[in-house]
Amino acid sequence: PPWLKGTAMFMTGGMAAVIAGVAVHPVDTLKVRLQVHGEAAAAKHLAAEVSASAWKVAIGVLTKETSTLVKGVSATIARQTTYSTTRYGVYGSLRTQLQDDKGELSSFTKVATGLIAGGIGSIVGCPADVALVRMQADARLPIESRRNYKHVFDAWAQMARNEGFNSLFNGWKPLVVRGMLMTAGQAASYDIIKASMMEYLNAKDNFLTHVGASSGASFIAASVTSPLDVVKTRVMNAGPGMYNSSFDCFIKTVKHEGPLALYKGFLPYFARLGPNTILTFVLWEQFKRYVDRL
């Protein structure tokens, strides 16, 4: 029935995203740790610490703080359940409604649909994203300054109690822009690349095609959204008064650490986004096929 297919767009996209998100969570945590590296030192103009090798930071985390890589799993599940379920569900539903009688959709419409879906999903998922960033970055803080959230619900409760309800939406502006570009870069690019492979390379609608299309989509998404992800992460992790706005964070980051700081943590970011995107779309394709057979 039509209602089941509509609901399935949300359920299948959400299930695929949760599985993929949990699988790459440790890499995502390493990415966050690298993105906030040098932030406090830059504010104090400690050039030596700002310029410390990202590799040294990564090696330190991987050899001495391995257990911290799994912190925030509950927030990852909450984030994928809210953000990804919404954006993939909205994208899939709009794509179905807007396609022509042949089941086709222009590339422009796919991108526009991705932008809309990503913006809506980002707003819905913002509280979980803030909690996730803080839980992942907590280990880099001095012991006396750590928040020590027990789980995502504890994070939300402490944030609302100590910093006000609005703290749950810290960094929502760069998050929405990032979400729009991410969904266009992932979902729309995936559809466009997949259609091109099938048309010009005579590829079949199968596992290998899904992997190839999602690999290309993940690189496009990572390249476009990395600077926004760094700003988003820093704003969400910042204490009161550290940044006046997302733009202020952008300016301070470039001024004190250089423009390349906007691509801090790119390798783990791509290492996380690549498998995440591939797993998500391969699983989503399989889930949709199963639902279509019902």
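*Asks:* Can you walk me through the overall build of the chain in this structure?
*Replies:* Within the chain, the regular secondary structure consists of twelve helices and zero strands. Its helices and strands in sequence order give the chain the pattern α-α-α-α-α-α-α-α-α-α-α-α, from N to C terminus. Here the chain holds 294 residues, and 50% of them are scored as buried. Taking the intrachain contacts of the chain between residues at least 6 apart in sequence as the baseline, contacts between residues at least 24 apart amount to 79%. Working note: accessible area of the chain is about 13,900 Å², and carbon and sulfur atoms make up 67% of it.

*Asks:* I would appreciate a short explanation of the pattern of salt bridges in the present structure.
*Replies:* Pairing between side chains of opposite charge can happen when their charged atoms approach one another. All told, the structure shown has 15 salt bridges when counted by the stated rule. Between arginine 134 and glutamate 163 there is a salt bridge, and its shortest N-O distance comes to 2.6 Å. With a gap of 29 residues between them, arginine 134 in helix α7 (residues 107-137) and glutamate 163 in helix α8 (residues 152-163) connect regions that are remote in the sequence. Arginine 134 gets classed as buried once you look at its relative accessible area, which sits at 0%. Residue aspartate 205 is joined to lysine 194 by a salt bridge in which the shortest nitrogen-to-oxygen separation is 3.3 Å. Highlighted residues: aspartate 205 in the loop between α9 (172-200) and α10 (207-237) and lysine 194 in helix α9, separated in sequence by eleven residues.

*Asks:* Could you clarify how one ought to interpret helix α2 (residues 25-35) in this entry?
*Replies:* Given 3.6 residues per turn, any residue in an α-helix points the same way as the ones three and four places further on. Burial runs high along α2: nine of the eleven residues are buried. Those residues of α2 lying buried are His25, Asp28, Thr29, Leu30, Lys31, Val32, Arg33, Leu34 and Gln35.

*Asks:* Honestly, unusual backbone geometry in this entry has me stumped. Any pointers?
*Replies:* Residues other than glycine predominantly adopt negative phi, and peptide bonds predominantly adopt the trans conformation. A positive phi angle, near 55 degrees, is found at asparagine 148, a position not held by glycine. With respect to the element layout, asparagine 148 can be found in the loop between α7 and α8. Although it is not a glycine, asparagine 202 adopts a positive phi angle of roughly 55 degrees. With respect to the helices and strands, the residue asparagine 202 is situated in the loop between α9 and α10. For asparagine 202, a relative accessible area of 61% puts it in the exposed group.

*Asks:* Just checking my understanding: could you explain a nonpolar patch on the surface for this structure?
*Replies:* On the surface, a nonpolar cluster with roughly 240 Å² of combined accessible area is contributed by Ile116, Ile120 and Val124. Mapped onto the elements of the fold, isoleucine 120 is located in helix α7. Isoleucine 120 sits in the partly exposed class, given a relative accessible area of 38%.

*Asks:* Looking at this structure, I do not really get a negative patch on the surface. What am I missing?
*Replies:* Where like charges cluster on the molecular surface, the negative patch consists of Asp100, Asp101, Glu104 and Glu199. Take glutamate 199: it is sitting in helix α9.

*Asks:* What is the right way to look at the side chain of aspartate 129 in this model?
*Replies:* Along the polypeptide, aspartate 129 turns up in helix α7. Assessed through its relative accessible area of 2%, aspartate 129 is described here as buried. If near-sequence neighbours (up to four positions away) are discounted, aspartate 129 is found in contact with Arg79, Leu175, Lys232 and Met236.

*Asks:* Even after reading the chapter, I still don't get the packing of aromatic side chains, so can you show me in this structure?
*Replies:* Given two aromatic rings, one states the distance between the centres and the angle between the planes to describe the pair. Taken as a whole, this structure holds ten aromatic pairs when the rule is applied. Seen in terms of ring centroids, tyrosine 88 and tryptophan 284 are 5.1 Å apart; in terms of plane orientation they differ by 45 degrees. Their pairing is tilted. Of this pair, tyrosine 88 sits in helix α6 (residues 73-98) while tryptophan 284 sits in helix α12 (residues 266-292), placing them 196 residues apart in sequence. With respect to burial, tyrosine 88 and tryptophan 284 carry one shared label: buried. Note on tyrosine 190 and phenylalanine 281: the rings are 4.4 Å apart at their centroids and 15 degrees apart in plane angle, and the pair reads as stacked. Residue tyrosine 190 is found in helix α9, and its partner phenylalanine 281 is found in helix α12; the two are separated by 91 residues along the sequence. In this pair, the class of tyrosine 190 matches that of phenylalanine 281, namely buried. Each residue in the set Tyr88, Tyr190, Phe281 and Trp284 is aromatic and connected to the rest through ring pairs, giving one cluster. The positively charged end of arginine 87 is found above the aromatic ring belonging to tyrosine 88, 4.4 Å away from the centroid.

Procedures and definitions
Residues numbered from 1 in each chain as written. Predicted model: local features only at pLDDT ≥ 70, side-chain atom pairs only at ≥ 80, totals over all residues. Heavy atoms only, no water. Helix = DSSP H or I, 4+ residues; strand = E, 2+ residues; numbered from the N terminus. Buried < 20%, exposed > 50% of the residue type's maximum accessible area, 1.4 Å probe, protein only. Contact = heavy atoms within 4.5 Å. Areas by Shrake-Rupley, 256 points an atom, 1.4 Å probe, with all protein chains shown as cover. Salt bridge = Lys/Arg side-chain N within 4 Å of Asp/Glu carboxyl O. Patch = residues over 30% accessible without salt bridge, like charges linked within 9 Å, V, L, I, M, F, W, Y side chains within 5 Å. Lys, Arg positive; Asp, Glu negative; His and termini not counted. Charge placed at Lys NZ, Arg CZ, Asp CG, Glu CD. Phe/Tyr/Trp six-rings, centres within 6.5 Å; stacked < 30°, edge-to-face > 60°. Lys NZ or Arg CZ within 6 Å of the ring centre and 35° of its normal.

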